[in-house]
Structure formats: C-alpha cells, structure tokens
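Each chain is listed here by its residues.
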Amino acid sequence: MKIAKSVEHPNYIQVFATFAKNSLIRNMMFRTNFVLESISSASWALMNVGFYLIVFEHTNSIGRDTGWEKYEFFVFLGTTWLINAIVQAFFMPNAEEFSELIRTGGLDFALLKPIDTQFLVSFRKVEWSSLANVLFGLVLLAYGVSHLVGRSTHPWQIEPITWLLYPVFVFCGVTILYSLMTCLAATSIWLGRNQTLYDFWFYITNFSRYPSEIYETGWGLPLWGIFTFAIPVLVVVNVPARLLAQPLTPRSPSEWALAAYTLLATVASLLASRWVFQRALRSYRSASS
Amino acid sequence: MILRIALEERLVYRGDFALGTLMRFLPIITQIFLWWAVFQSIEGRMAGYSFEDMVAYYLLSMLARAFSSMPGLASTVARQIRDGEIKKFIIQPVDLIGFMLLGRVAHKIAYYTVATVPFALVFFLCRGYFTEGWPPAIVVGAFIASLVMSFLLGYFIDLCIGLIGFWFLEVSALLFVYMLLNFFLSGHMFPLDLLEQPWRSLVDFLPLKYLAYFPAAIFLGKIPQDRLAFELAIEVAWLVAFIGLARWLYARGLRRYSGYGG
Amino acid sequence: MAIIEIEQLSKSYRVYQKREGLSSAIRGLWRRQYREVDAVRSIDLRVEQGEFVAFLGPNGAGKTTTLKLLSGVIYPTSGTARVMGYVPWERSNEYRRRFALVMGQKNQLWWDLPAQESFRLHQQIYRIELEQFKKTLAELTDLLSVGELLGRPVRELSLGERMKMELIAALLHSPEVLFLDEPTIGLDVVAQHNIQQFLKYYQQQRQITILLTSHYMKDVAALCRRVVVITSGAIKYDGSLVGVIDKFSGSKILRLLLAAGQSSDGLERFAEVESIDLPKVVLRCRRGEIPKMLSSILQQYQIEDVAVEDPPLEQVIANLFEHAASDSSNQVSL
C-alpha cells in the first residue's frame, strides 16, 4: 500500500492508550464480572501450579539432566503465565472480535479509518482482568528466581544482561503467538466459522507450555521439529524461560543459535501474519445486514 | 420418541463429532511426553504407577470423562429457569428430570456411535501401554458398572447445579468453581494416588473421583477385588443422594417459582 | 473533473453452493460448487462536487455494494472508480481522511461507552486538532440537539439518538464526500424528519458531495435533485426525480366527479377502475389514450369535474421495484 510521505499518520501510541482507557472504563462498568474473571483466571493458574507441586513431590526434575528442577521450573511456569496472560489481555479479545466483525460486516468501519487496519483490529480491546495473571506470572517468577539465587548449594548470580534479554525474548514470544492468532482469526474470512479454529489454537499453544526437552526424543522429534520450525510455538516460552532459569554461562552454542533463531522466527511470523491479513482483507465480502 | 429426535439432531453433526473426538486426544500427547520425561528422571514407579500405567490411566480416565461430562447441562437448565421456559414442564405432563436424562442418554449414544471409531483406534494403537492385558471378568464388570454410574452421577450433579438457578439467577460463577474442582479432583488432570496425605483421604471422601479416577483405577487393578463391591456400593449411595437432592431441589424450586406467579 | 468517476465497475461474488447430506458435504471439501452472483454490473457514473445524489432500487439491487466499493471496503471484480482522484480500494490514509460512510444498519460506536469516548478516539485516529475537534463537535451536537446525551452509554440511547451520534462520528473530520446507506432505516417519523433537515442544512452549508441510498421516498424527495435507479446491479435511470415518473410510469390517474344521480356503471369499459366512492371515481389509463378516452366518457356520462394527474411517486417506484424483482427472479430460474 502506497502512502504519501506528506500524510500525517495517527499517533499509534496515543490511539492505543485511548483503546486501553476505553476498555478500562468498560471493564469497570461491569465490575462484578471483572472481579469474577480475574479470580477465575487466577484460579486456573493456581491449579496448574498445584499440579506441578504434586509432580515435584515425586520427582526432582522433569527429564534427566534437563536442568528443570523445581524452582527452575517455576521460572518456566511463571514465564508461561506471563506470556499467555499478555496475549490474553491484549490479543485474545480482539481476535474473537475480529471473527465477529467479519461475520457481522462490522469490519467495514475499521477499513474506513485512516489508520493501519491490522493495528486497529488487533489492539481495539484490552482485557484488563487478564492482567491478574500477568501479576501471577511475575510472582511465580520472583519466587522461582529468589530461590535459585538464595539457595545454599551453588547459588547463581543473574547478570544484568539477562534482565535485558529476558524482556526481549518475552516480547518475541508474545509476538509469535500474536502472529499465529492473527493468522487463525484471519482465516475466518474464508471459512466463516471459527469454533474449530479456537480449538486448534488451544491445542497448538498447549505444546508451548512444556519444556521443549520432553519432545527431544524418539517420536517426539518430529513434533519438536514442527513446532520449532514450521509453527514456532516451542520457542515462545522455552527460550526466555531457559535464559532466566539457567546461569548465563556456560551455554552450548546450540542455545545461542536457538535464541538467534527465535529473533528470526519473530520477524518472520510477524511478516507472515501481515501477509495473511492483507490476503484475507482482499477476500472480505462485507456481510450486509 | 424424545430419544429419537435427540438422536437425529445429534447425528447431523457427526462430521464435527469425529474430528472433535480425535482432537480431544491431542492434549494427552503433551501430557504423555511430560510424564515420559518425569519417569526418565525417577527411574521406577511413582505412587505405584509405571510410565505405561500412567499412559493407560490417562486414556481410561479420558473414556470415563466421555461418560461423565455433561457439557452445557447446568447452564441450559439455569437458562430455562431464567427465561421461564421451564413453565412448559409445569403445564405438560413431562418430568423435567426424566426428560433431560433421556436427552443426555441420546446425546451420549449418538456420541459413541461416532466416537467409538477414534476411541478404538487410539486404544488399539496404545495397547502396548496396558501391560497387564485384560483384567479379570469381574473387574471388567465393575469397570462397566462404574462407567454407567459415572454418567448418572455426572448428570445429577450437573443438574443440581443448574437447579440452583431457581434461587440464584446467575449460576455461571458456581459452575466455574465446580468445573475447576472437577478438573482437579476427579482425577482428570492426574491420578489421585499421587496426592499426599491428608489430601488423598479427603479426595477419597468426595464424589468427584467417580467421574474420572474411579473407573480407570478399577480397570488398572488399583482397587483390590475384595473391596470392589464395597466401593461400588458407596458410589451407589452417592448417586442415590444426588438423585434425592435433585428431586428435592426441583420440587422446592417449582413451588417457589409458582409462588411468584410465574 | 468530476469528484466521483465510475467506469464499467463490476463486482461479482462467488457463492458457495451448499448441497444436502454428509457425503456431498465431504466431497465439497475438495471440489466446491460455486455460483457467480453479479452484485454490480458495469456501472458508469459521474458525480460533480456538491451534488446530493440518491440511489434508488429494491433490496439486493447493488446500491450498498456500490457504496462499499466507493468506500474501498471491498475490491471490485473489474472496472475503475476514482473519488477525489483516489482509487478507493487502495485505501490510502489520505483518501480515508477525506470521506465518510454511515450505515443505518451497523454501528461503529462503542456500545457500552458514552459516545464522547468514541468521538475522542476518532479525534486521535483522524488526527483532528483539538480546537477544531471541539468546535466541530459543539456545532454538530447543537444542530442535532444531542448535547446532553454525549455522556450516556450508547446502548441506552434510542435508535434515532444513536443514528445522530453515528452521523456526528462520521462528520467529525469534516469529510468532503459522504456516503449514506439507509441512514433513516427503522426510525420514527420525527427522527427521520430531524435527520433529513440536518442533512439538508449541512450539505448546503458545506457544499459537500453526498451519495444516499434509502427506502424512504420522503428522504429522497426532501434531499436529492438527482436520482439514480439501480436494479439488478445496473443503472436503469439517471436524472431528476420527476423524470422517474415520465420514464417508468406509462399511466395517468383520472379523477372524475360525477353529476348527481349519474351511475358509474360501465366505466370499466374505458379504463382500469382504481376506486369508486360516489360521486368520486378514480380511473387509471395508459398515457397516450387519455384524450380519446376522456372524450368518450364525457359523451356518455354527466361529469361535474375532471382532473388528470401523474401517479404518486412512491407507487411508481414500488412498481418499478416489483418489476425488477420479478425480472431477476426469472433470471435465476433460467
């Protein structure tokens, strides 16, 4: 799409702030609902932790020599919740709404606005109640990390660079999931209905919630390959979590390669989502009521 | 007649059904990988389960869940109460509890006519995990009985929650709590044997375990044969209790409802 | 140069033909049966700056599709269109900043929020200067007298009030071209009238270009000098509103006032009898036959008064649509 230089673009940050503000006003209007949703998503998280507490009653680590012992794994879980909660807060309501906009023809209005359409549909709503889970993820992270730093047998220090890299890779993870979700939502332009798509989303992202080491054996290898390279959901949590849960050095070269690959995959999937989105818009037929 | 209509309606969506059933097994795959990794690090059994047992457990509890889960039942009942649709059961000589039960039976039959194929396929592929082979006939009998009862128990528990809608218009929060507890404490997420005391005994006293854990435990021989009859008798007691509760709630609810003048 | 130039614009949809039964549904996964539906067939149209043009046509005639093409919401199958020199479906920000589309059946305001929050969002998306924004908003709310409703959640507004808010949202960035799709649909007479008055005033003040589709002939009669009739995706007429009658109505209405005691028996020999309410009789006859028929009637009956009129516009249009509908249903069955 050609855009002349002289044209003023909207201030995207400011627009996003207004979206966030409007969503907050809306959330606050249905306060009981908001509280209930916060509680319910937090209790899912608690249950998940409960399950792993039970698992760690019976074992020291997940997989042999993988480095995923109890507190390292809490870092992993914390990262999982953090990333998923961010996705749920910012993108999930919009992806759902996007399918709805296509079904009702409400997408018309988004197409009329002098602003990037993908931006407009992706950021319109913020589900503030999911931020409870962001908080939960952070608490879990802090708990895990503080134990790792404070333990008596080889405690380790976190290099400042780790604190810099971790958010970068969390951002990468969020972006990859966002791209995947956008692609799935955009396909509802062609398919019309999307129930199975959301199941698909759930099942795919389910793979990202476990350490990738568990797949790196026997007939798990094809899965590992598919979900690392074809649909890169495995790097979403694994790369940032491993970065924070293990000392920065020594690291095998393959880990650095995977980290570099993650950056690449982020850019690639974002571009892919843009491409799919633009293609989908061309097929948009604008349901008339 | 009621049965047939519901059956026909269900069979229309058979394509979705078969696909949906296969998809249901996908999360199990990741679970299995997780357990595989865990068993790698402990080398041996965990609370009496070998890795193979664990896989077999998940498959069996999945089967039990297919019997006992009642998607949308409580919310449907609650909605009917809210919208006043429930009135037709007051006017017509049809019993809501029996009517809905038949509907669910039809639903499950229709489900299994389609779901048997994917289920059989998965169980056949995974037959290697059932290291003990088929259990003795008496255990199989108890297993089937527990499956049937898990269906009934699941139905009546869900129904009771729906009927609470007579008193509270919005049951979704309650339903969510139930779903959460059910997921965690029925054995759907992990074999209940993994729990430490005193949680283990506590969960044993709850009826939720019959919805997923119990049938699987019977099949895997986790419950000694001489205790089978006793355990099944307790399940029957729970079932009778919930039938009674549902009847009572329904009768009280209707009276309260007509008290309002509809 | 005309502000809107459309040449040979066509849009056809491929509609997936569903078949009965599961087996064909499965076959449909590989090979789908499609049917082409032409929503717009090779339309040519030029609109000059400052015109207020109405699109008339039955449901499914292609009016809305044309507006959507001009808004760039959908892509055409073939043909070209330029609005203010822009190709609409390129969706350049520059173009999107200069026009607006209002649809009576869809709303763009945030349902749960007060309209003013949506307006503020528009201010940011369109980058309207704050001073300018405040001035425009005050002016529009004043004209539509909805000032005190700005702070109320949109879902609590009446249909008419909501439509006014939608109009404000569309006009905040002072568009030069405005597309209105059924803006008064479902509104009561008072609200309809208010919106008509507003549109009329606003268009005259600003001299903007407006394309309007509506089912209400009153809207059209009150607002537009130029009318474009579209049926089955093609333009059938383009001209003044009065011209529609000349072109599409071959008949005239004849009102007779019979003399006292004169019976109306036998009038049906001359013309179609619309109504008899003695001493008044209303007849309908073909346009060319008026002189001949009138003289024979005057010879045989005692008449006090005679009036010859055009049929009412709404009737003409309704007939026109009915014909179009039966035409297109014939086409489908072929």
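Residues numbered from 1 in each chain as written. Chains lettered and ligands numbered in written order. Predicted model: local features only at pLDDT ≥ 70, side-chain atom pairs only at ≥ 80, totals over all residues.

1. Details of the overall build of chain A
Working step 1: Of the regular secondary structure elements, chain A holds 13 helices and zero strands.
Working step 2: Going residue by residue from the N terminus, the α and β elements of chain A occur as α-α-α-α-α-α-α-α-α-α-α-α-α.
Working step 3: The C-alpha radius of gyration of chain A comes to 20 Å, within 12% of the 19 Å expected for a compact globule of 289 residues.
Working step 4: With respect to the principal axes defined by its C-alpha atoms, chain A has extents near 65 × 45 × 40 Å.
Working step 5: For chain A, the residues scored as buried account for 40% of the 289 residues in total.
Working step 6: For chain A, the share of sequence-separated contacts (at least 6 apart) that also reach a separation of at least 24 residues comes to 82%. (Helix = DSSP H or I, 4+ residues; strand = E, 2+ residues; numbered from the N terminus. Rg over C-alpha atoms; globule rule 2.2 N^0.38 Å. Buried ≥ 20, exposed ≤ 12 C-beta atoms within 10 Å, placed from the backbone. Contact = placed C-beta atoms within 7 Å.)

2. Thoughts on the overall build of chain B
Working step 1: In terms of helices and strands, chain B carries twelve helices and zero strands.
Working step 2: Moving toward the C terminus, one meets the helices and strands of chain B in the order α-α-α-α-α-α-α-α-α-α-α-α.
Working step 3: Considering only contacts within chain B whose residues lie at least 6 apart along the sequence, 84% involve residues at least 24 apart.

3. Concerning the interface of chain A and chain C
Accessible area lost on assembly of the parts is the figure often given for the size of an interface.
Working step 1: Each side of the interface is counted separately: chain A has 31 residues, and chain C has 30 residues.
Working step 2: Those elements that place two or more of their residues in the side of chain A that touches chain C are α1 (12-29) and α5 (107-112) of chain A.
Working step 3: Ranked by residues supplied to the side of chain A that touches chain C, first place goes to α1 of chain A with seven residues.
Working step 4: Its residues placed into classes, the side of chain A that touches chain C shows 14 nonpolar, ten polar and seven charged. (Nonpolar A, V, L, I, M, F, W, Y, C, P; charged D, E, K, R; others polar.)

4. Quick notes on the environment of Leu-101 of chain A
Residue and element names in this part refer to chain A.
Working step 1: Its location among the elements puts Leu-101 in helix α4 (residues 92-104).
Working step 2: Classification of Leu-101 by C-beta neighbours within 10 Å gives buried; the count is 22.
Working step 3: If we ignore the near neighbours within four places in the chain, the residues touching Leu-101 are Gly-106, Leu-107, Ala-110 and Val-121.

5. Side note on the interface of chain B and chain A
Working step 1: Taken together, the contact between chain B and chain A spans 23 residues of the former and 25 residues of the latter.
Working step 2: If you list the elements that add at least two residues to the side of chain B that touches chain A, you get α3 (26-42) and α9 (172-185) of chain B.
Working step 3: By residue number, the principal contributor to the side of chain B that touches chain A is α3 of chain B, which donates eleven residues.
Working step 4: Here the residues of the side of chain B that touches chain A sort into 19 nonpolar, three polar and one charged.

6. Topic: the environment of Phe-130 of chain B
Working step 1: Mapping Phe-130 of chain B onto the fold places it in the loop between α7 (96-125) and α8 (137-163).
Working step 2: Here the alpha-carbon distance between Phe-130 of chain B and Phe-219 of chain B, two residues 89 residues apart in the chain, equals 9.9 Å.

7. Focus: the packing of helix α3 (residues 70-90) of chain A against helix α7 (residues 131-150) of chain A
Residues and elements named next belong to chain A.
Working step 1: Remark: α3 packs on α7, axes separated minimally by 7 Å, with the N-to-C direction vectors making an angle of 160°. On the basis of the axis angle, α3 is roughly antiparallel to α7. The way α3 lies across α7 gives a crossing that is left-handed.
Working step 2: Tallied by class, the residues present in the contact of α3 with α7 amount to 18 nonpolar, seven polar and one charged. (Axes fitted to C-alpha atoms, helices over the stretch in contact; angles between N-to-C directions. Parallel < 35°, antiparallel > 145°, perpendicular 65-115°, else oblique. Left-handed = near helix turned anticlockwise from the far one by under 90°.)

8. A short note on the pairing of strand β5 (residues 99-103) of chain C
Residues and elements named next belong to chain C.
Working step 1: The buried fraction of β5 amounts to five of the five residues, a majority that puts the element mostly inside the structure.
Working step 2: Along β5, one buried face is formed by Phe-99, Leu-101 and Met-103 and the opposite face, lined by Ala-100 and Val-102, is buried too.
Working step 3: The sheet contact formed by β5 and strand β6 (residues 177-181) spans five bridges and is parallel. Following the sheet pairing, Ala-100 is matched in β6 by Leu-178. (Pairing = 2+ DSSP bridges.)

9. Overview of the pairing of strand β9 (residues 234-240) of chain C
Working step 1: Sheet topology places strand β8 (residues 226-231) of chain C next to β9 of chain C; six bridges connect them, and they run antiparallel. Pairing of Ile-230 of chain C across the sheet is with Ile-235 of chain C, part of β9 of chain C.

10. Quick look at helix α4 (residues 51-68) of chain B
Working step 1: The end-to-end C-alpha separation of α4 of chain B is 25 Å, in line with the 26 Å expected for 18 residues at 1.5 Å each.
Working step 2: The element α4 of chain B is extensively covered by neighbouring structure, given that 14 of its 18 residues are classed as buried. (Expected span 1.5 Å × (residues − 1).)

11. Here we look at the confidence of the model for chain B
Residue and element names in this part refer to chain B.
Working step 1: When the pLDDT values of chain B are averaged, the result is 81; 89% of them are 70 or greater.
Working step 2: In the model of chain B, helix α1 (residues 2-11) stands out as the element of lowest mean pLDDT, 58, in contrast to helix α11 (residues 213-219), which has the highest, 90.
Working step 3: Across the whole predicted complex the pTM is 0.82, and at the interface the ipTM reaches 0.81. (pLDDT = per-residue confidence, 0-100.)

12. Some points on the sheet that holds strand β10 (residues 251-258) of chain C
Whether parallel or antiparallel, the strands of a sheet pair through hydrogen bonds between backbone atoms.
Residues and elements named next belong to chain C.
Working step 1: Ordered in space as β11-β12-β10-β13, the four strands form an open sheet in which the pairing is antiparallel. Edge strands, defined here as strands with exactly one partner in the open sheet, are β11 (272-277) and β13 (303-309). The average angle at which neighbouring strand axes cross in this sheet is 20°, direction not considered.
Working step 2: Where β10 meets strand β12 (residues 280-286), seven bridges bridge the pair, whose relative direction is antiparallel.

13. Topic: the environment of Val-87 of chain A
Working step 1: Looking at the element boundaries, Val-87 of chain A is found in helix α3.
Working step 2: When neighbours within four sequence positions are excluded, Val-87 of chain A is seen to be in contact with Met-92, Val-174, Leu-177 and Tyr-178 of chain A.

14. A word on the sheet that holds β8 of chain C
Residue and element names in this part refer to chain C.
Working step 1: One open sheet holds the six strands; their spatial order is β5-β6-β7-β3-β8-β9, and the pairing between them is mixed. Both outer strands of the open sheet, β5 and β9, are each paired with one neighbouring strand and no more. Mean inter-strand twist for the sheet, computed between neighbouring axes without regard to direction, equals 15°.
Working step 2: Along the sheet, helix α9 (residues 241-248) makes contact with β8 and β9, crossing β9 at roughly 125°.

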